[in-house]
Amino acid sequence: MYSLSMMAYSAIPSDITKLKGDLVLHSKKLDWLKTDLSKLENDLGKKNSRYIQGIKRSKGLGLIMEKVRASLKENELSLKDNYQKIKRSLRLTIANGITQSEDIDETIKKKILVKEIKYIISQFNSQIAKNVSYQNELLKLRVRIKDYQTTETELQKIMNELEFRKKMVAENYFEEASKTRKIKNQLEILEKSFKENGS
């Protein structure tokens, strides 16, 4: 009987040593998980800020795009109006063609009318160039908005992945914390038992 209790008594220090080793191992895992969890929360915060900025930019570009669209519509109406004026003036000039029997006043009036038509044509060409420029700007804005939307989608995916990873790390952390508490409790019981049997 004495040898049995001595064997049990001698096994206690090795159990304590094993539990202390397990405790160190689980404590290191807890520290690593805590660090990983902090990094994930930091990354998630940064990505979330970037995502919010992207949404703000996208909305801002949407407003600019609406202004450009309105300006294009206004220019389109102006172009149509100017085009009609040019057509009317040209018809009148052609219908009232310059004849050799005209007096000087009529010739001057027709020359003034031709100058006015040339001015309107130059205005019309200016408006066309402006309209083309606005259309190009609108196209650039659409491309930028599409880029922002793609970035927003990618950031949302990354944030979802980070959130899932954070959840998994947190679960592992709590599992390791539970194991560590159990080992600490077992260690305390063994050490207490060892002290009681040793004295």
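The model shown is predicted, which means the values in this text are computed figures rather than measured ones.

About the thresholds
- Residues numbered from 1 in each chain as written.
- Predicted model: local features only at pLDDT ≥ 70, side-chain atom pairs only at ≥ 80, totals over all residues.
- Heavy atoms only, no water.
- Helix = DSSP H or I, 4+ residues; strand = E, 2+ residues; numbered from the N terminus.
- Buried < 20%, exposed > 50% of the residue type's maximum accessible area, 1.4 Å probe, protein only.
- Contact = heavy atoms within 4.5 Å.
- Areas by Shrake-Rupley, 256 points an atom, 1.4 Å probe, with all protein chains shown as cover.
- pLDDT = per-residue confidence, 0-100.
- Phe/Tyr/Trp six-rings, centres within 6.5 Å; stacked < 30°, edge-to-face > 60°.
- Patch = residues over 30% accessible without salt bridge, like charges linked within 9 Å, V, L, I, M, F, W, Y side chains within 5 Å.
- Salt bridge = Lys/Arg side-chain N within 4 Å of Asp/Glu carboxyl O.

Participant: Is there a simple way to explain the overall build of the protein in this structure?
Facilitator: Along its length, the protein carries two helices and zero strands. Burial analysis of the protein (199 residues in total) assigns 24% to the buried set. Here the analysis covers contacts within the protein between residues at least 6 apart in sequence; of these, 94% occur between residues at least 24 apart. Per element, the accessible surface of the protein, about 14,800 Å² overall, is 57% carbon and sulfur.

Participant: When you look at the environment of Glu175 in this model, what are you seeing that I'm missing?
Facilitator: With respect to the element layout, Glu175 can be found in helix α2 (residues 104-198). The spatial distance from the C-alpha of Glu175 to the C-alpha of Leu30 is 9.3 Å, given a sequence separation of 145 residues.

Participant: Is there a simple way to explain the side chain of Gln127 in this structure?
Facilitator: Position of Gln127 among the secondary structure elements: in helix α2. Residue class for Gln127 comes out buried when judged on its relative accessible area of 13%. Discounting chain neighbours no more than four positions away, the residues touching Gln127 are Asn75, Ser78, Leu79 and Asn82.

Participant: Would you take a moment to explain the confidence of the model for the protein for this structure?
Facilitator: Caution is warranted with low-pLDDT regions, since their predicted coordinates should not be read in detail. Averaged over all residues, the pLDDT of the protein is 79; the fraction at 70 or higher stands at 88%. When the criterion is pLDDT under 50, residues 1-9 qualifies, and its contacts beyond four places in sequence or with other chains add up to three contacts.

Participant: Would you take a moment to explain the packing of aromatic side chains for this structure?
Facilitator: Each pair of aromatic rings is reported with the distance of its centres and the angle of its planes. Scanning all chains against the criterion turns up one aromatic pair. Judged by centre distance (5.7 Å) and plane angle (75°), the rings of Tyr173 and Phe174 are edge-to-face. A relative accessible area of 57% places Phe174 in the exposed class.

Participant: Where do I start with a nonpolar patch on the surface in this structure?
Facilitator: Residues Ile104, Ile108 and Ile112 make up a contiguous nonpolar surface patch of roughly 310 Å² in combined accessible area. Here Ile108 is to be found in helix α2. You can call Ile108 partly exposed: its relative accessible area is 44%.

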